[in-house]
Amino acid sequence: MMLLEAHGLVRTYLTRKSMFTPPEAVRAVDGVDLVLAPGEALGLVGESGSGKSTLGRMLLGIDPPDAGEIRFNGAPMPALGTASWRKLRAQMQMVFQDPLAALDRRLPIAEQIAEPLAIHGIGTASERNDRARSLMAQVGLRVDQAGRFPHELSGGQRQRVVIARALATSPRLLVCDEPVSALDVSIQAQVVNLLRDLQDRHGIAMVFISHDLKVVRNICDRVAVMYLGRIVEEASSDDIFSSPRHPYTRALAASVPIPGARLDPSTLLQGEPPNPARRPEGCAFHPRCTLMRPGCAGAVPRLLPTTPTRRSACPVVAA
Amino acid sequence: MTLVRIRDLRVAFDGVPVLHGINLDISAGETVGLVGESGCGKSVTWLAALGLLPAKARITGTVETAGSDLVSGGRSVLETIRGGRIAMIFQDPSSALNPVRRVGQQIAEALRLHRGLRGAAARAEAISLLDRVGIPDAARRLDLYPHEFSGGQCQRVMIAMALAGQPDLLIADEPTTALDATIQAQILALLTEVQRETGMAMVFISHDLGAVGAVCDRVAVMYAGRIVEEARREPLFAAPRHPYTRGLFDAIPRLDGPRSRLVPIPGTVPDPKNTPAGCAFSPRCARATSLCASERPTLLPQSDGRALACFHPVPAATLVSREGVFA
Amino acid sequence: MISFVLIRLLRAVLTVLLVMTFAFFVLRLSGDPALIMLGPDAPTEAVAAFRAAWGLDDPLWRQYLSYLHGIVTLDFGVSMRDRSPALDLVLERIPATLALTIPALILKVAIGIPAGVYAALHRQSIADRGVILLSVMGFTLPSFVLGLLLVLVFAVQLGWFPSGGQDSWRHAVLPVLTLSIGGIGILARFSRSAMIEVLGQPYIRTALAKGVSWRDVVWKHALPNASVPIVTIIGFMIGSLVAGAVVVESIFSWPGVGRLLIVSVANRDLAVVQAILMVIAATMVLANLCVDIAYGLLDPRLRARTTAA
């Protein structure tokens with residue numbers, strides 16, 4: 001059975017340009033289907049405005065969908081804020097980009113790591129304390145740092161605290177939104193390895209959101225590429241960057257500089273991501289696409305399986 | 001021809017040294033990359049050279065250009081060099097432009113200062129600059145404010161503003177860090193293109209070895225306020241010799257090859273208030289010996305043309321090839 | 001833009017109306033004007049006649065309705081004391097008040113802003129510390145203390161300026177000083193902190209890197225960005241041009257609106273008090289409107305948010 005199943009997810013925000021114009025509907029997430037097996041790591045990539053962070057929050061039920069359905073462990077996701085949703089939260093945790101903002105600067109880190117246990121009423125105070133210490137060891141923090149405050153730690157150590165706290169309730173799903181983007185290269189590698197180890201050891205399923213394709217590829221089994229609220233291609237992480245099919249995935253992969261290689265201007269994606277409030281007709285990518293055909297501005301292409309392990313939303317490439 | 005000659009440049013904040021004597025020459029037309037992690041001094045080097053650090057910074061050493069020293073020259077020398085001979089662009093372009101002035105005014109200001117253009121002439125030149133950096137509909141957008149541009153377009157405006165003074169050298173301080181990958185590639189391509197047309201030199205400051213490799217001829221790797229390795233691009237990327245440079249390469253995941261575990265550099269960057277005696281990298285270095293902990297290696301030229309500050313460098317024979325790193 | 005101004009204007013009128021309604025009911029619940037006007041020993045018939053003449057026997061809601069009706073026809077009632085129209089009484093006092101508050105405002109702006117900017121540009125210097133110290137003293141010292149202090153020194157001890165009255169410009173010196181010193185301190189503080197914040201912004205570094213001279217960086221790049229918080233404070237000061245001198249006018253026996261207010265409240269001269277409160281509320285609201293418009297002129301980002309596209 002799948003750990004997480006999402007069908008037809010839509011999330012619309014109303015934004016106002018000014019006090020006197022009618023609000024505009026922006027579809028941040030626009031009809032997303034995806035599944036996640038227990039223990040699997042799925043990467044979500046795309047430019048800013050692609051809806052990847054919104055989708056991540058929706059998968060945890062923090063951002064309720066306007067349409068569509070999410071099933072966790074076979075049962076429908078309970079509504080945000082209900083007792084059963086809070087109970088389920090013990091099994092689903094989130095890690096954000098900025099650890100300093102995610103931590104309480106007035107509490108020692110061991111207390112913060114044990115906090116989810118207290119919230120969910122798990123164990124006695126001394127059991128929680130022991131658990132916090134064992135979690136610290138697991139994420140590579142020294143036990144003698146238990147009484148430290150967040151500002152006394154480095155950026156990498158703070159992110160370890162956040163990860164330890166997310167692991168406290170032994171979740172089955174971890175949603176990580178740009179967890180290593182703020183870290184230096186050498187520290188980033190430490191945290192990436194930590195996430196990989198935790199996944200191997202505990203079989204935690206993971207949704208890993210990042211703009212860094214190299215990190216996503218290293219951590220994830222499968223990758224979904226998003227453009228303006230829709231998944232345009234999905235495949236195993238080995239296939240998707242070595243043989244990208246969708247023109248957008250190709251452009252994305254080509255934009256990543258390879259150390260030691262000169263920039264190749266011929267593969268550059270032209271233009272900027274369009275404003276989500278003015279989504280182009282048909283395939284949203286067609287104004288920037290090198291393979292554009294007249295039909296691309298017509299119907300929205302559907303995400304269809306091209307091979308048993310791959311889905312792509314480009315009829316031009318599929319043909 | 002040497003455009004800028006930096007000698008023994010040192011910077012201290014409130015008595016804490018953060019830059020420990022940088023020597024660097026920039027020649028006309030070349031592109032030099034400065035790589036390193038946060039706090040290594042790569043940005044501070046050039047902010048100090050151009051007198052852009054806060055007043056509490058203590059700067060010594062010399063930065064010679066056009067026959068004058070920028071460190072001792074004072075405000076009047078700096079104001080003629082800045083934006084004219086040496087221009088600079090920054091990270092986070094959206095906040096680097098003045099939010100209450102139209103982008104056209106901001107470009108025209110540079111044109112007035114360095115080329116004496118005013119009024120209609122300045123406006124026409126500003127339009128052609130915006131056009132040059134790839135802002136569509138430049139004539140109309142000249143009158144817009146920075147918040148009406150995306151991050152990538154703001155960086156294009158910054159580049160246009162830098163080009164206004166027809167500089168001999170452009171300092172690009174993490175110009176693509178805050179941008180999406182696709183936009184980053186566009187900006188890198190634009191910088192390379194502009195450089196080819198104008199023949200100006202560029203210093204590209206970045207933590208991203210990939211981006212540095214994409215545009216630079218020569219690369220200097222910095223750690224804890226010092227240059228630890230300096231070489232031309234090809235030899236450096238083919239065979240990094242300083243253990244820190246090598247560590248940086250190993251820590252970066254790849255978009256091809258097997259998805260193996262990364263090889264991180266253990267530990268963290270030292271606190272400037274408490275740098276180790278000897279080589280600052282020694283506590284994190286697998287090759288370190290007791291010598292490294294007590295003596296500081298100096299940056300010495302090597303037979304293959306690179307400069308290296310290490311007692312026990314990675315042997316030149318172990319080439320980093322795509323397979324090699326992970327073998 | 002036009003609809004923006006219209007909506008703000010409508011809101012302004014509504015605010016003034018609310019203030020006046022509040023004042024109307026509070027004044028009528030706080031003591032009988034008849035007893036105060038005629039004295040506690042007045043015969044019962046005289047009191048009754050007074051109450052009948054001024055409509056004070058009517059139910060409160062009827063008094064309120066006739067009051068509202070008066071406002072709509074621009075009739076703000078007559079003073080119970082000397083039977084002249086209340087609004088005229090107030091308006092004829094306004095020039096005297098403005099003769100104090102406008103010079104004080106000019107002093108606040110002319111000294112406070114430059115002092116704050118100078119302090120920001122010379123942080124940690126003796127001048128900076130001096131500005132901070134003086135500004136703290138300026139706005140912690142209540143004006144009745146400051147006023148009496150100035151009288152003691154400059155009128156009583158030195159005899160340079162008179163301690164009260166309104167006969168020549170020399171009479172205005174001490175009240176204007178009393179009024180302006182606190183405001184100078186406040187403006188200096190705000191200008192200093194706004195400038196310090198702006199000078200740390202990345203676009204200031206960009207301007208310097210471009211070769212702009214330090215003087216132009218300060219005046220053309222930093223000050224326009226720092227002006228939004230400063231304008232907020234100035235707007236507040238403009239709003240209190242009419243009402244801000246109540247205490248000072250009493251200390252220096254200056255025949256302005258403030259003095260009229262105190263006398264009228266003491267006498268329960270309802271129409272006059274209400275007219276003063278209306279004028280005060282109207283200036284406050286008008287000043288606020290000006291500040292909002294100034295925001296849009298100073299910062300294009302705020303313009304985009306508040307004006308119609």
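Predicted model only: the values in this text are computed from it and were never measured. (Residues numbered from 1 in each chain as written. Chains lettered and ligands numbered in written order. Predicted model: local features only at pLDDT ≥ 70, side-chain atom pairs only at ≥ 80, totals over all residues. Heavy atoms only, no water.)

## Thoughts on the sheet that holds strand β4 (residues 67–72) of chain A
Residues and elements named next belong to chain A.
Logical step 1: In spatial order, the strands read β2-β1-β4-β5; together these 4 strands make up an open sheet with antiparallel pairing. Looking at strand neighbours, the two that pair on one side only are β2 (24–36) and β5 (75–76), the edges of this open sheet.
Logical step 2: With 5 bridges connecting them, strand β1 (residues 4–15) and β4 associate as antiparallel partners. Counted as the bridge partner of Glu-5 is Arg-71 from β4.
Logical step 3: Where helix α1 (residues 52–59) meets the sheet, its contacts fall on β1, β2 and β4, and the angle it forms with β1 comes to roughly 125 degrees. (Pairing = 2+ DSSP bridges. Helix = DSSP H or I, 4+ residues; strand = E, 2+ residues; numbered from the N terminus. Contact = heavy atoms within 4.5 Å. Axes fitted to C-alpha atoms, helices over the stretch in contact; angles between N-to-C directions.)

## A look at the pairing of β4 of chain A
It is a general feature of regular strands that their side chains alternate between the two faces of the sheet.
Residue and element names in this part refer to chain A.
Logical step 1: Relative to β5, β4 runs antiparallel, the two being bridged by 2 bridges. From the neighbouring strand, Arg-71 faces β5, where its bridge partner is Pro-76.
Logical step 2: The antiparallel pairing of β4 with β5 creates a hairpin that spans 2 residues between the two strands, and Asn-73 there sits at a positive phi of about 60 degrees.

## Thoughts on a nonpolar patch on the surface
All names here are of chain C.
Logical step 1: A grouping of Leu-141, Phe-144, Val-145, Leu-149 and Val-247 is seen on the molecular surface, where their side chains present a nonpolar patch of about 400 Å² in accessible area.
Logical step 2: Sort the elements by how many residues they give to the nonpolar patch and helix α7 (residues 143–157) lands first, with 3 residues.
Logical step 3: Mapped onto the secondary structure, Val-247 falls in helix α11 (residues 246–251).
Logical step 4: Val-247 sits in the partly exposed class, given a relative accessible area of 38%. (Patch = residues over 30% accessible without salt bridge, like charges linked within 9 Å, V, L, I, M, F, W, Y side chains within 5 Å. Areas by Shrake-Rupley, 256 points an atom, 1.4 Å probe, with all protein chains shown as cover. Salt bridge = Lys/Arg side-chain N within 4 Å of Asp/Glu carboxyl O. Buried < 20%, exposed > 50% of the residue type's maximum accessible area, 1.4 Å probe, protein only.)

## Considerations on the sheet that holds strand β1 (residues 2–13) of chain B
Residue and element names in this part refer to chain B.
Logical step 1: Ordered by their spatial adjacency, 4 strands build an open sheet running β2-β1-β4-β5, and the pairing between neighbours is antiparallel. One side of each edge strand has no neighbouring strand; the edge strands of this open sheet are β2 (16–27) and β5 (68–69).
Logical step 2: Judged from the 2 bridges that link them, strand β4 (residues 57–65) and β5 form a sheet pairing that is antiparallel. Across the sheet, the residue bridging to Thr-65 is Ser-68, located in β5.
Logical step 3: Along the sheet, helix α1 (residues 42–49) contacts β1, β2 and β4; its crossing angle with β1, the most-contacted strand, is approximately 105 degrees.

## Section: the environment of Val-300 of chain A
All names here are of chain A.
Logical step 1: Within the fold, Val-300 resides in the loop between α10 (247–254) and β11 (304–307).
Logical step 2: Overall, the relative accessible area of 39% leaves Val-300 in the partly exposed class.
Logical step 3: Taking C-alpha positions, Val-300 is 8.8 Å from Ala-313, a pair spaced 13 residues apart along the chain.
Logical step 4: Apart from the residues within four sequence positions on either side, Val-300 is in contact with Arg-230, Gly-282 and Cys-283.

## Focus on the side chain of Gln-188 of chain A
All names here are of chain A.
Logical step 1: On the secondary structure map, Gln-188 appears in helix α7 (residues 185–202).
Logical step 2: Among the residues examined, Gln-188 registers a relative accessible area of 12% and is labelled buried.
Logical step 3: For Gln-188, the contacting residues outside a window of four places in its chain are Val-180, Leu-183, Asp-212 and Val-215.

## What about the pattern of salt bridges?
Logical step 1: Tallying each qualifying case throughout the model produces 41 salt bridges over all chains.
Logical step 2: Ionic pairing is found between Arg-106 of chain A and Asp-104 of chain A, a salt bridge with its closest N-O pair at 3.3 Å.
Logical step 3: For Asp-104 of chain A, a relative accessible area of 26% corresponds to the partly exposed category.
Logical step 4: One salt bridge in this structure joins Asp-250 of chain B and Arg-246 of chain B, with 3.3 Å as the shortest N-O distance. Taken together, the positions of Asp-250 of chain B and Arg-246 of chain B, both in helix α11 (residues 243–251) and 4 residues apart, correspond to about one turn of that helix.
Logical step 5: Looking at Arg-246 of chain B, the relative accessible area reads 18%, which means it is buried.
Logical step 6: Taken together, the salt bridges that share partners define one network made up of Arg-11, Arg-57, Asp-63 and Asp-66 of chain A.

## Quick notes on the packing of aromatic side chains
By convention here, two paired aromatic rings are described through the distance between centres and the angle between planes.
Logical step 1: Enumeration over the complete set of coordinates arrives at 12 aromatic pairs over all chains.
Logical step 2: Ring centres of Tyr-223 of chain B and Tyr-244 of chain B lie 4.5 Å apart, and the angle between their planes is 55 degrees; on these two criteria the pair is classed as tilted. Remark: Tyr-244 of chain B occurs in helix α11 and Tyr-223 of chain B occurs in strand β9 (residues 218–223); sequence separation between them is 21 residues. The exposure classification of Tyr-223 of chain B matches that of Tyr-244 of chain B, with both residues buried.
Logical step 3: An aromatic cluster of at least three residues, connected via ring pairs, comprises Phe-24, Phe-25, Tyr-64 and Tyr-67 of chain C. (Phe/Tyr/Trp six-rings, centres within 6.5 Å; stacked < 30°, edge-to-face > 60°.)

## Details of the nonpolar core
Logical step 1: Formed by 190 residues in total, the largest nonpolar core has its most connected members in Trp-46, Ile-107, Leu-169 and Phe-204 of chain B.
Logical step 2: With residues up to four places along the chain from it excluded, the contact list for Trp-46 of chain B reads Val-4, Ile-6, Leu-24, Ile-26, Leu-34, Met-88, Leu-169, Ile-171, Val-203 and Ile-205 of chain B.
Logical step 3: By size, the runner-up hydrophobic cluster in this structure holds 37 residues, among which are Ala-34, Val-47, Phe-50 and Tyr-67 of chain C. (Core = buried A, V, L, I, M, F, W, Y, C linked by side-chain atoms within 4.5 Å.)

## Digging into the interface of chain A and chain B
Logical step 1: Taken together, the contact pairs 42 residues of chain A with 46 residues of chain B.
Logical step 2: For the pair chain A and chain B, the summed buried surface comes to about 3900 Å²; carbon and sulfur atoms form 53% of the total.
Logical step 3: For the pair chain A and chain B, the interface holds 2 salt bridges.
Logical step 4: For Asp-221 of chain A, the salt bridge is made with Arg-259 of chain B, and the minimal N-O distance between the two is 4.0 Å.
Logical step 5: At the boundary of chain A and chain B, one finds 22 residue pairs in polar contact (both at pLDDT 80 or more). (Buried area = accessible area lost by both parts, 1.4 Å probe. Polar contact = N/O pair within 3.5 Å; in protein donor to acceptor, adjacent residues only side chain to side chain.)

## Brief notes about the domain arrangement of chain B
Logical step 1: Along its sequence, chain B is carved into domain 1 (99–161) and domain 2 (243–326).
Logical step 2: One C-alpha centre belongs to domain 1 of chain B, the other to domain 2 of chain B; they are set 43 Å apart. (Domains from an automatic or database assignment.)

## Thoughts on the side chain of Gln-186 of chain B
Logical step 1: Following the sequence through the fold, Gln-186 of chain B ends up in helix α8 (residues 181–198).
Logical step 2: With relative accessibility at 6%, the residue Gln-186 of chain B sits in the buried group.
Logical step 3: In terms of polar contacts, Gln-186 of chain B uses its side chain to reach the side chain of Arg-156 of chain B, at 2.9 Å.
Logical step 4: Residue contacts for Gln-186 of chain B: discarding those within four places in its chain leaves Leu-268, Leu-269, Gln-270, Gly-271 and Arg-288 of chain A together with Arg-156 of chain B.

## Re the packing of helix α6 (residues 155–167) of chain A against α7 of chain A
All names here are of chain A.
Logical step 1: Where α6 contacts α7, the two axes come as close as 10 Å, and the packing angle between them is 15 degrees. One element, α6, and the other, α7, form an angle in the roughly parallel class. Here the hand of the crossing between α6 and α7 comes out right-handed. In contact with Gly-156, Gln-159, Arg-160, Ile-163 and Leu-167 of α6, α7 contributes Ile-187, Gln-190, Val-191, Leu-194, Leu-195 and Leu-198.
Logical step 2: For the contact of α6 with α7, the per-class residue count stands at 7 nonpolar, 3 polar and 1 charged. (Parallel < 35°, antiparallel > 145°, perpendicular 65-115°, else oblique. Left-handed = near helix turned anticlockwise from the far one by under 90°. Nonpolar A, V, L, I, M, F, W, Y, C, P; charged D, E, K, R; others polar.)

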